[in-house]
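Working through the structure, step by step
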Amino acid sequence: MRGVHLLAALLPFCASAADSSDGIEFFEKNIRPVLAERCYICHGERAVVRQGGLLVDSRDGLRKGGASGKPAVVPGDPTKSLLIEVLRGAGKVKMPPGKPLDPATIALFEKWIAMGAPDPREGKAAAPPPPYDFQKARQHWAFKPVTDPAPPAVNSPLWSANPIDRFIKAKLDEKKLTPATLASKRALIRRATYDLTGLPPTPEAVDAFLQDTSPRAFEKLIDRLLASPQYGERWGRHWLDVVRYADTAGCNSDFPVPDAWRYRNYVIRSFNEDKPYMQFLREQLAGDLLAPSGDEDRQAKLIATGYIATARRFASNKNEHHLTIDDTIDNLGKTVLGLTISCARCHDHKFDAIPQRDYYGIYGIFQSTVYAFPGVETFPRAHDLTALGGPEQQKRQAEWEQKLIALQDEIRELRFGKRRNEANSRAEIQRLEAESLAHEMRMPDLPRAYAVREGKAGNAKIQIKGDPRKLGEEVPRGFLTILGGQKLPESEAGSGRRQLAEWITDPANPLTARVMVNRVWQWHFGKGIVPTPNDFGTRGLPPTHPELLDWLTSRFAESGYSVKALHKLIMLSRAYRLAAANTPSNLAIDPKNEFLWRFDRRRLDSDEIRDSLLAVGGNLDTSPGGAHPFPPMREWRYTQHKQFTAVYETNRRSVYLMQQRIRKHPLLEVFDPPDPNVSTAVRGQSITPLQALSMMNSEFLHAQADQLAVRAGMAYQDTPGRIQHAYRLAYSRPATPAEVREGAAYIARAQAALKSSGIEPERQPRAALASYLRVLLASDEFFFID
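Residues numbered from 1 in each chain as written. Predicted model: local features only at pLDDT ≥ 70, side-chain atom pairs only at ≥ 80, totals over all residues. Heavy atoms only, no water.

**Considering the pattern of salt bridges**
Under the counting rule described, the total for this entry stands at 50 salt bridges. Between Glu473 and Arg357 there is a salt bridge; the shortest N-O distance is 2.9 Å. Remark: Arg357 occurs in helix H18 (residues 356-367) and Glu473 occurs in strand S6 (residues 471-475); sequence separation between them is 116 residues. Assessed through its relative accessible area of 48%, Glu473 is described here as partly exposed. We classify Arg357 as partly exposed; its relative accessible area is 37%. Residue Glu781 is joined to Arg733 by a salt bridge in which the shortest nitrogen-to-oxygen separation is 2.6 Å. In this pair, Glu781 is assigned in helix H32 (residues 780-783) and Arg733 in the loop between helix H29 (719-731) and helix H30 (737-753), connecting sequence segments 48 residues apart. (Salt bridge = Lys/Arg side-chain N within 4 Å of Asp/Glu carboxyl O. Helix = DSSP H or I, 4+ residues; strand = E, 2+ residues; numbered from the N terminus. Buried < 20%, exposed > 50% of the residue type's maximum accessible area, 1.4 Å probe, protein only.)

Here it is in structure tokens:
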């Protein structure tokens, strides 16, 4: 039967290796600084006396080893790596001398070696690099100004109507590749509907599209999909992937963040409203500092700064706040600029022209910003969450919080401070706790935003080798030199976030618009014009079609940075409408389809799988999600030994599920969901037997198959009609006569077998049909889009 081959039968088990650029970044952030600080003095090229003949300041020296004759590092195998043995102090030799490395740092070395010990250092250790030649650095393609090239002429009328196609066809001709034919209308509506909404098309929508023979039929379909509320949920989810959105803090207790959902909904609403992209960025970086048009707009702009507030926390207190700021800079660099700025935290960037001073110029801006922080106290302090009401409501909120803070401070003083030995301290603590609880029950019922606000303005000092306890010179707050090097005036009393937002969204900035255009292209085609969407630097891959990227970026700017206009421009191209067909001669030349001679078939992502099952079963709740049912703050007693964990089931779309940082949703985790601890530029597309097994045995899939059986059973009285209805819902096509015969025969056999099952006779036809539908819903045709 066509379309019912299980995922396990499609491809053998495959595991994706860590991306090399990610491995190099891991080395630069976690390994090189430790080697430089603790090891180079005795095991470096310039060491006065080289101990044991071992050099660790080059890749070859570290892998070769020293006088022992054993390699210090065996890529991929920490257990055979002498370096791990001496760091653990497991043998006679214990390194480094003095204070040993802490277990967490040793674990980073073990992880690095298990990754294959990625190490960009070639030959002998290089001398300290000279000052960057910024003029030369700006010759890298990504730092050059955006141009507006004319589309090339091509000798094909079919490929001349859309300028995008002229760029694509010129490259195909250059590479001697023959483009595939166009996809069928059924394949096209399924592709477009999933691309823009993340849901399958309804049978009625398919019929309407097939019956529309006008030249603008596909354009009208795109317009309808862009106008649907489901569009913002799908494309908001893409953005939430790259900004590593989560509903928990990510610290060792993983405290809930009850108000993070407001930022999630802000993102969804912004995409639905087609908010200009540059305005979207400005609001996320400095919404609280922008002039509002009214109370509702003021609240929205404040909520937008949840982008900064949702940076990961690294401890249950604020002692590791420097890492949260680093996470902010890291995500800002990758998500918005396509640069690995945080590689300059411990030293000048080894590959891109980003000096350490530039990193701390941006660091000072976020150091001058107050972040919301969950879990520091049983109740949040006044500055940790921001009330969204009017001035009078905010005043009541502040008074309430100040009273609560005073009670908590007094309790703390009696327990741990100078008053802990006072007579009757226990009774006084009990009295204050009762008063505190009563005061909490009188909390003003105001909505809050998990956001940021202005703090004490000031420049940051360079943290030597990234250690906040070892401070160097002070650096003025400012922007990257390679992108203009703007500085805040010395008299600036604000954090500088407003100015940072202006520098990033300046039309003269060559990166911001390019990076977003590349992401939109990637989310349509499965790969970006720049294959490394988070790294436009010298370690990233160059664009396959650089002129096309700049042409699209120019059109993006012309449209006022309308993402919806960009969708339409891309989707109306012939390149987007090609069939997912294989051609042996093309495969021999371009096996990865880098030059787009066909459309790549793709597996549904984890959100699409869950949402599609709900939709086909008729159970999808299309209403927007709100807050999660977290326990009240007064009940929080989470620690690193008793972490917060929960799963809150809902029939709403997956974007509204509670997303936890230390644990993934059990249904989604086998289908490569995003990691909310880091920016996820590209979701994995693994295909494993575990996925097929999880679906075959999934209570969720069984429940949706049962509901689909009810839906088909109510729509049609006869078995062939029910099979046809299920096919149209699940696959967007009718079943073939052979599939109907095979399905009907199976259902008859199943119903006969169920007579001795103990299931009530009136439920046996439904159970037989549901067992057949489970096969349809676990098939490759359901899970893949052509």
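**A closer look at the packing of helix H9 (residues 185-197) against helix H12 (residues 229-242)**
With their axes 6 Å apart at the nearest point, H9 and H12 run at an angle of 70° to one another. When the interaxial angle is binned, H9 and H12 end up roughly perpendicular. Within the contact between the two elements, H9 uses Tyr194, Asp195, Leu196 and Thr197 and H12 uses Gln230, Tyr231, Arg234 and Trp235. When its residues are assigned to classes, the contact of H9 with H12 shows 4 nonpolar, 2 polar and 2 charged. (Axes fitted to C-alpha atoms, helices over the stretch in contact; angles between N-to-C directions. Parallel < 35°, antiparallel > 145°, perpendicular 65-115°, else oblique. Contact = heavy atoms within 4.5 Å. Nonpolar A, V, L, I, M, F, W, Y, C, P; charged D, E, K, R; others polar.)

**Here we look at the packing of helix H28 (residues 699-715) against H29**
Axis separation between H28 and H29 bottoms out at 9 Å; the angle between their running directions is 125°. Here H28 lies oblique to H29, going by the angle between them. Considering only the axes of H28 and H29, their crossing is right-handed. Of the residues in H29, those in contact with Leu708, Arg711, Ala712, Gly713 and Ala715 of H28 are Arg722, His725 and Leu729. Split into classes, the residues belonging to the contact of H28 with H29 amount to 4 nonpolar, 2 polar and 2 charged. (Left-handed = near helix turned anticlockwise from the far one by under 90°.)

**Comments concerning the side chain of Ser253**
Summarising the element assignment, Ser253 is placed in the loop between H12 and helix H13 (261-272). With a relative accessible area of 1%, Ser253 lands in the buried category.

**Re helix H23 (residues 546-558)**
Here H23 spans 19 Å end to end across 13 residues, near enough to the 18 Å set by a 1.5 Å rise per residue. Within the span of H23, buried status applies to Leu548, Leu549, Asp550, Trp551, Leu552, Thr553, Ser554, Arg555 and Phe556. Summarising the contacts, the buried residues of H23 are in contact with helix H8 (163-174), helix H14 (277-286), helix H22 (512-525) and helix H24 (563-571). The positive-phi residue at the C-terminal boundary of H23 is Gly560, with phi of around 80°. (Expected span 1.5 Å × (residues − 1).)

**Quick look at the side chain of Glu283**
Among the secondary structure elements, Glu283 is positioned in helix H14. Reaching out from Glu283, the side chain makes a polar contact with the side chain of Tyr266 at a distance of 2.6 Å. (Polar contact = N/O pair within 3.5 Å; in protein donor to acceptor, adjacent residues only side chain to side chain.)

**Some details on the environment of Ala246**
Note on placement: Ala246 falls in the loop between H12 and H13. Excluding its chain neighbours within four sequence positions, the residues that come into contact with Ala246 are Ala260, Gln659, Arg661 and Pro676.

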